[in-house]
Amino acid sequence: MINAEKFPKKWERQRARGRWVYALIHAAVIGGMIGLLKLVINLTGMEGPDSLTLQSILYFAMGGFAYGLIRFSIRERFYQALKGQSHDGS
């Protein structure tokens, strides 16, 4: 759950970097986690899924980017609501 007292200060710092940086960070984290999983599977010699390729890692990164954009919008609306500003999408 979001702490309504701490959220505005933290969000002001995050939103100052911009929407695209926020989304790129999510893409790097999600793609990086899947890439790390692939690396661990390869280094340990475990039997991994054949579908875990560089292309699928890039797809996960693109999904992380889209998730970051959506999450940014949701958090911005929440921030505006906390500040008492109306956000009707226009």
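Predicted model, so just to flag it, every value in this text is computed and none were measured.

J.: Describe the packing of aromatic side chains, listing the residues and the values that go with them.
T.: Counted according to the given criterion, the structure contains six aromatic pairs. Here W20 and F65 contribute two aromatic rings whose centre-to-centre distance is 5.8 Å and whose plane-to-plane angle is 15°, an arrangement assigned as stacked. Here W20 is found in helix α2 (residues 19–44), whereas its partner F65 is found in helix α3 (residues 54–82), with 45 residues between them in sequence. Looking at W20, the relative accessible area reads 55%, which means it is exposed.

J.: Would you mind going over the packing of helix α1 (residues 7–16) against α3 in detail, with residue names and values included?
T.: Between α1 and α3, whose axes approach to 11 Å, the crossing angle comes to 135°. Between α1 and α3, the angle falls in the class oblique. Handedness of the α1/α3 crossing: left-handed. Two secondary-structure elements touch here, α1 through F7, P8, W11, E12, Q14 and R15 and α3 through F72, R75, E76, F78, Y79, Q80 and L82.

J.: Would you mind going over α3 in detail, with residue names and values included?
T.: Helix length check: α3 (29 residues) gives 41 Å between terminal C-alpha atoms against 42 Å at 1.5 Å per residue, within 8%. Of the positions making up α3, those classed as buried are S56, I57, A61, G64, G68, F72, R75, E76, Y79 and Q80. Residues of α3 that are buried make contact with α1 and α2. Backbone geometry just after α3 places G84 at a positive phi near 85°.

J.: An account of the side chain of H26 is requested, with residue identities and associated values reported.
T.: Along the chain, H26 turns up in helix α2. A relative accessible area of 15% means that H26 is categorised as buried. Residues in contact with H26, not counting those within four places in the same chain, are G64, Y67, G68 and R71.

Here is what the cut-offs are and how they apply
- Residues numbered from 1 in each chain as written.
- Predicted model: local features only at pLDDT ≥ 70, side-chain atom pairs only at ≥ 80, totals over all residues.
- Heavy atoms only, no water.
- Phe/Tyr/Trp six-rings, centres within 6.5 Å; stacked < 30°, edge-to-face > 60°.
- Helix = DSSP H or I, 4+ residues; strand = E, 2+ residues; numbered from the N terminus.
- Buried < 20%, exposed > 50% of the residue type's maximum accessible area, 1.4 Å probe, protein only.
- Axes fitted to C-alpha atoms, helices over the stretch in contact; angles between N-to-C directions.
- Parallel < 35°, antiparallel > 145°, perpendicular 65-115°, else oblique.
- Left-handed = near helix turned anticlockwise from the far one by under 90°.
- Contact = heavy atoms within 4.5 Å.
- Expected span 1.5 Å × (residues − 1).

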